[in-house]
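Secondary and tertiary structure notes
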Amino acid sequence: MIIKQLSVFLENRAGRLTELTGILAENDINISAFSIADTTDFGILRVITGKPELAEKVLKEQGFAVKITDVIGMIMPNKPGSLHHALQILTDNGISIEYMYAFASGDDRASAVIRTDTPQKAIEVLQLHKMELLKAGDVYQI
Amino acid sequence: MIWNEHHECMDRQPLAELQGERLRNMVERIYLRVPFYRNKLQEMGIEPGDIRSIDDLKTLPFTTKQDLRDNYPFGLFAVPQQDVVRFHASSGTTGKSTVVGYTHNDIQMWSEVVARSLTMAGVTKHDIIQVAYGYGLFTGGLGLHYGAEKVGASVIPISGGNTKKQLQLLEDFGSTAIACTPSYAAYLGEAIMEEKLDRSKIKLKAGIFGAEPWTEEMRAQIQQLLGLKAYDIYGLSEVIGPGVSMECGVQHGMHVFEDHFIPEIIDPETGEVLPYGELGELVFTTVTKEALPLLRYRTRDLTRLHVERCDCGRTLVRMEKCVGRSDDMLIIRGVNVFPSQVESVLLEMSETRPHYLLVVERENNLDTLEIQVEVEDQFFSDEVKELEGLRKRISGNLASLLGLHASVRLVEPGTIERSQGKAQRVVDKRKLK
């Protein structure tokens, strides 16, 4: 259930992100989910791709600082209150979220990528509450 | 006005005799009391009695900043602690400062050379002088303070910073002289413009500026902004502090107080003494200092000495403004900074040495230091708070080591230019030459 997310350090510099997406495209790596945390000087790109090991390798070769981070992916009905319900479960179990990003996929489902210090525990409690989780194999091809 | 006409206008021959006598006395003292020097001299087969005149100076060994560090804190002192009345210190690598000590007589001598310096700038007991150099371990504040008191001027010991208060006292007390770094002087001048102060209330006529490199363009700008005559003062704590040399009214180089500090210019590669007029590294021997006498101390400052008599009547040699360093030390807002100090801070925080670059700029006449650090795997976290925390830690550790604020910018790996061979660690964008 653990999903490998790529985290990439990016300076706030025009065109830098385009260079990165170019490298992924050239290597035929698909992007499934994507988020950027930004500060005044730099940003951290978090991206879930197909072939994460290959993506890490090609980006490192091109001089990017890259790290693989374990995250979990959660599937919810695309309707009011469902994200709240999921987060309540995590809160009730003392699991704090470092960051997350969510996306609706157009049909009746929505997904959220969650980074926590205790991913294994988060998986257990979510499964206990019958929440649907994304499998690594699925998510790389969303 | 000349404070000490006897010593400042002495004919060169009697001066050389005085220097020879003092040098011989100094070598005897350090041979007896400083094991470091005794060992060095014995290794070279030199006895104090071999020193017969000032011409023998060139046979003696050099002292370096590294020697001071190796003997930290008091290993090179030539007097017992009960005779030391003051310490000063400069920032050093990994917390090891360069410590200097003064006896009562040393403080008297220092006050004397600063009194001579202030007199060159026309400061007398009728003046009110604002000492805006930092007071504390740095020699600037207290050095100027004691000299100004010796002259009999009324001293305002305001120390550095606090610009609003500086301006208020300039107006209310009618300060006629000010001592600070040239960059701070320019900053004060611009603050006067911005605050739209009544210029007729500013009574400044002389500024004594030093502790960092500055240009003739800056001099013109400061003179215009503050309506004073700007004088250049030179010194370093190892030799005494400010007052090693000073510009007279002719402003044709800084007169070295040679009866106390004997200057030489050497080839930094070979150590060979160069004739007057040639560019090389400045070396000082402190012949009268008691607590920390230094034999042929290598300043790493590059300059020239001129011996032709000055129009002011003084016979003391004049040194030009320093044109650079024979090592990689930077002077930023009066603070000595070595790239190796920055490296030591970064190394404390990671196992491998990161690529880094010091970028020095001058904005609104104040020097700024930015440290760029490449975020390689050992530093990279995918959480913003970790990276921001890292940046603050680097900045905080640098501030406590250097006593200087530096902004830290995290950059991508590979963005700092690699040069062939020796890594480029510094980009100095200040235009000082």
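The structure displayed is predicted, hence computed values, not measured ones.

**Considerations on the overall build of chain B**
Helix and strand counts for chain B come out as 11 helices and 21 strands. Compactness check: chain B gives a C-alpha radius of gyration of 23 Å against a globular reference of 22 Å for 433 residues, within 12% of the reference. The principal-axis extents of the C-alpha atoms in chain B amount to approximately 70 × 65 × 45 Å. The buried share of chain B, reckoned over its 433 residues, is 57%. The contacts in chain B between residues at least 6 apart in sequence include a share of 65% that link residues at least 24 apart. Summed over its atoms, the accessible surface of chain B is roughly 18,200 Å², and 49% of this surface lies on carbon and sulfur atoms.

**Some details on the domain arrangement of chain A**
A common way to state how big an interface is: give the accessible area lost once the parts meet. Residue and element names in this part refer to chain A. Entries for chain A in the domain assignment read domain 1 (2–68) and domain 2 (71–134). Averaged C-alpha coordinates put domain 1 and domain 2 at centres separated by 23 Å. Taken together, both faces of the contact between domain 1 and domain 2 bury some 810 Å²; the carbon and sulfur share is 63%. Of all residues in domain 1, Ile2, Ile3 and Gln5 give up the largest surface area on contact with domain 2, accounting jointly for 57% of the area buried on that side. Here domain 1 is connected to domain 2 by 0 salt bridges. Our count for the contact surface shared by domain 1 and domain 2 stands at 3 residue pairs in polar contact (both at pLDDT 80 or more).

**Quick look at the interface of chain B and chain A**
Chain B puts 17 residues into the contact, and the matching count from chain A is 25 residues. Between chain B and chain A, a total of about 1,700 Å² is buried, with carbon and sulfur atoms accounting for 52% of that surface. Looking at the side of chain B facing chain A, the largest losses of area belong to Phe380, Asp382 and Glu412 of chain B, adding up to 41% of the total buried there. Close ionic contact of glutamate 98 of chain A with lysine 385 of chain B constitutes a salt bridge, the shortest N to O distance being 2.9 Å. Where chain B packs against chain A, one counts 10 residue pairs in polar contact (both at pLDDT 80 or more). At the level of elements, helix H11 (384–402) and strand S20 (407–411) of chain B are the ones that each hand at least two residues to the side of chain B that touches chain A. Looking at the side of chain B that touches chain A element by element, the count peaks at 5 residues for H11 of chain B. For the side of chain B that touches chain A, the class distribution of residues is 7 nonpolar, 2 polar and 8 charged.

**Focus: the packing of aromatic side chains**
Inspection of the entire model under this criterion finds 11 aromatic pairs over all chains. Taking the centre distance of 4.9 Å and the plane angle of 10° together, the rings of tyrosine 102 of chain B and tryptophan 110 of chain B count as stacked. Through a chain of ring-to-ring contacts, the aromatic side chains of Phe9 and Phe42 of chain A together with Phe380 of chain B assemble into a single cluster. Positioned over the ring face of phenylalanine 338 of chain B is arginine 69 of chain B, at 5.5 Å from the centre of the ring.

Basis of the calculations
- Residues numbered from 1 in each chain as written.
- Chains lettered and ligands numbered in written order.
- Predicted model: local features only at pLDDT ≥ 70, side-chain atom pairs only at ≥ 80, totals over all residues.
- Heavy atoms only, no water.
- Helix = DSSP H or I, 4+ residues; strand = E, 2+ residues; numbered from the N terminus.
- Rg over C-alpha atoms; globule rule 2.2 N^0.38 Å.
- Buried < 20%, exposed > 50% of the residue type's maximum accessible area, 1.4 Å probe, protein only.
- Contact = heavy atoms within 4.5 Å.
- Areas by Shrake-Rupley, 256 points an atom, 1.4 Å probe, with all protein chains shown as cover.
- Domains from an automatic or database assignment.
- Buried area = accessible area lost by both parts, 1.4 Å probe.
- Salt bridge = Lys/Arg side-chain N within 4 Å of Asp/Glu carboxyl O.
- Polar contact = N/O pair within 3.5 Å; in protein donor to acceptor, adjacent residues only side chain to side chain.
- Nonpolar A, V, L, I, M, F, W, Y, C, P; charged D, E, K, R; others polar.
- Phe/Tyr/Trp six-rings, centres within 6.5 Å; stacked < 30°, edge-to-face > 60°.
- Lys NZ or Arg CZ within 6 Å of the ring centre and 35° of its normal.

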